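As a plain string of letters, each chain reads:
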Amino acid sequence: MTARCGLTARGVLYLLIAGVAARVALGDTGQEADRQGALKELSGQPFGGVLVGAVGVGLVCMALWRLSEAVFGAAGADGGKATKRLASAGRTVFYGTAAYSVLSFAAGAGSGPSSDEQSRDVTTKALGLPAGQWLVAAAGAGILIAGVVIGVKAARRSFRKHMEMGGVSAGLRKTVDVLGVGGGMARGLVFATAGGFAVYAALRYDPAQVKGMDDTLRSFTATPAGPWLLLAVAAGLALFGLFSFAMARWRKV
């Protein structure tokens, strides 16, 4: 139950971020295309405070699910491997932090700094540490590699081994494949691009070069494809949001 609640909350956030990103591509630059922007969008809806709180609870469930995988091992034959447990521990920290941010927003603590501001602040502090430049470069390279891995796994449909879809029609299976491949590749592209900016910031010793999700998404409009690339990425993130709902329904947990 915790896993399915968490995956549903993740799906809601990605759909909201995709919607904001699409509006940015179409010329509406007034909202951040990141988690904070998604929360502002959601809070403006009827019963917005309740909805934001529900997403926060869902992310708490996500963190607890990943924590259980880190402690007891994930579902599947190789779920108990040390690498799998370590990855789950990292996801626990990520989703725990996200849950805290969302619940703080729901409690009226304000939206807090944007993802871009948070990234620059963390990078500034890291660069001030001994070997800080190397630490930032390593972190950026890790994010970049993670993005590539996410995209490759999506293209190879590796998510199928985590799904239980016995009795599901062939048409619905193909639909889930489209959501998983398109959504995963878009998500991987965003991660890899953000990691690349972090590596560049380390090489330049300039925290201003780091970009959070908002600035990373906006950077796609500076490519030769212009806003069309951002629209395509936004569509991909929307697919990932829908894929998260499919995972909530059929994932092995």
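Structure's up top.
Not measured: the values here are computed from a predicted model. Position numbers for residues count from 1 along each chain, tracking the sequence in the order it is written. Only residues with pLDDT of 70 or above have their local features reported here, since the model is predicted, and side-chain atom pairs are shown and tallied only from 80 upward, although totals for entire chains, interfaces and linings are computed over all residues. Calculated side-chain values reflect all of the structure's heavy atoms, with hydrogen atoms and water omitted.

Q: Is there a simple way to think about the nonpolar core in this case?
A: Soluble, globular proteins show a tendency: their nonpolar side chains are buried together. If you look at the biggest cluster of nonpolar residues, it comprises 47 residues, and the most contacted ones within it are Leu59, Leu217 and Leu237. When contributions to this core are tallied by element, the ones reaching two or more residues are helix 1 (2–25), helix 2 (35–43), helix 3 (48–72), helix 4 (82–106), helix 7 (170–204) and helix 9 (227–250). Listed in part, the five residues of the second largest apolar core include Ala126, Leu127, Val136 and Ala137. Throughout, nonpolar core names a set of buried Ala, Val, Leu, Ile, Met, Phe, Trp, Tyr and Cys residues whose side chains join them through atoms within 4.5 Å. Here's how the labels work: a residue is buried when its accessible area is under 20% of the maximum for its type, exposed when over 50%, partly exposed in between, all with a 1.4 Å probe on protein chains only. Strands are runs of DSSP state E lasting at least two residues, helices are runs of H or I lasting at least four, and both sets are numbered from the N terminus onward.

Q: Explain a positive patch on the surface here, please?
A: A patch consists of residues whose relative accessible area exceeds 30% and which take part in no salt bridge; residues with like charges are grouped when within 9 Å of each other, and nonpolar side chains (Val, Leu, Ile, Met, Phe, Trp, Tyr) when within 5 Å. The Shrake-Rupley method, run with a 1.4 Å probe, gives the accessible areas here. Residue values count only the displayed protein chains as cover. Salt bridges are defined by distance alone: a side-chain nitrogen of Lys or Arg within 4 Å of a carboxyl oxygen of Asp or Glu. Counted charges follow a simple rule, with Lys and Arg positive, Asp and Glu negative, and His plus the chain ends left uncounted. By convention, the charge on Lys lies at NZ, on Arg at CZ, on Asp at CG and on Glu at CD. On the surface, Lys81, Arg91, Lys153, Arg156 and Lys161 cluster together into a positively charged patch. Structurally, Lys161 can be placed in the loop between helix 6 (132–155) and helix 7.

Q: Whenever I open this one, the packing of aromatic side chains confuses me. Can you help?
A: Stacked, tilted and edge-to-face pairs are distinguished by plane angle, under 30 degrees for stacked and over 60 for edge-to-face with tilted covering the rest, among Phe, Tyr and Trp rings (Trp via its six-membered ring) whose centres lie within 6.5 Å. A full pass over the atoms with the stated rule returns four aromatic pairs. Ring centres of Phe159 and Phe243 lie 5.0 Å apart, and the angle between their planes is 65°; this geometry places the pair in the edge-to-face category. Linking Phe159 in the loop between helix 6 and helix 7 with Phe243 in helix 9, this pair joins segments that are 84 residues apart in sequence. The pair Phe159 / Phe243 is uniform in exposure class, with both members buried. Within the aromatic cluster, the residues linked to one another by ring pairs are Tyr14, Phe159, Phe240 and Phe243. A ring is scored as having a charge over it whenever the NZ atom of a lysine or the CZ atom of an arginine sits within 6 Å of its centre and within 35 degrees of its normal. A cation over an aromatic ring shows up here: Arg66 above the ring of Trp65, its NZ or CZ 4.1 Å from the ring centre. Of note, Lys211 hangs over the ring of Phe197, and the distance from its end group to the ring centre comes to 5.0 Å.

Q: Mind showing me how you'd approach the packing of helix 1 against helix 2 here?
A: A pair of packed helices can be characterised by two numbers: the angle between their axes and the separation between those axes. Fitting a line to C-alpha atoms yields each axis, with helices limited to the stretch in contact; the angle taken between N-to-C directions then spans 0 to 180 degrees. Two elements in contact, helix 1 and helix 2, have axes whose closest approach is 9 Å; the angle formed by their N-to-C orientations is 95°. Judged on the interaxial angle alone, helix 2 and helix 1 are roughly perpendicular. Contact residues: helix 1 offers Leu13, Leu16, Ile17, Val20 and Arg23, while helix 2 offers Arg35, Gly37, Ala38, Leu39, Glu41 and Leu42. Of the residues in the contact of helix 1 with helix 2, the class split is seven nonpolar, one polar and three charged. Put simply, angles under 35 degrees are roughly parallel, angles over 145 are roughly antiparallel, angles from 65 to 115 are roughly perpendicular, and the rest are oblique. Any two residues whose heavy atoms approach within 4.5 Å are treated as being in contact. Charged residues are taken to be Asp, Glu, Lys and Arg, nonpolar residues to be Ala, Val, Leu, Ile, Met, Phe, Trp, Tyr, Cys and Pro, and polar residues to be all remaining types, Gly included.

Q: Explanation requested: the environment of Ala75 in the structure shown.
A: Tracing the chain through its elements places Ala75 in the loop between helix 3 and helix 4. For the pair Ala75 and Arg4, spaced 71 residues apart in sequence, the C-alpha separation works out to 14 Å. In contact with Ala75, other than residues within four places in its own chain, are Lys252 and Val253.

Q: Sorry if this is basic, but what is going on with a nonpolar patch on the surface here?
A: Residues Val57, Val60, Leu64, Leu67, Val71, Phe72 and Leu103 make up a contiguous nonpolar surface patch of roughly 620 Å² in combined accessible area. Sort the elements by how many residues they give to the nonpolar patch and helix 3 lands first, with six residues. When you line up the elements, Val71 lands in helix 3. Look at Val71 and you get partly exposed, because its relative accessible area is 47%.

In short, geometric facts, not functional conclusions.
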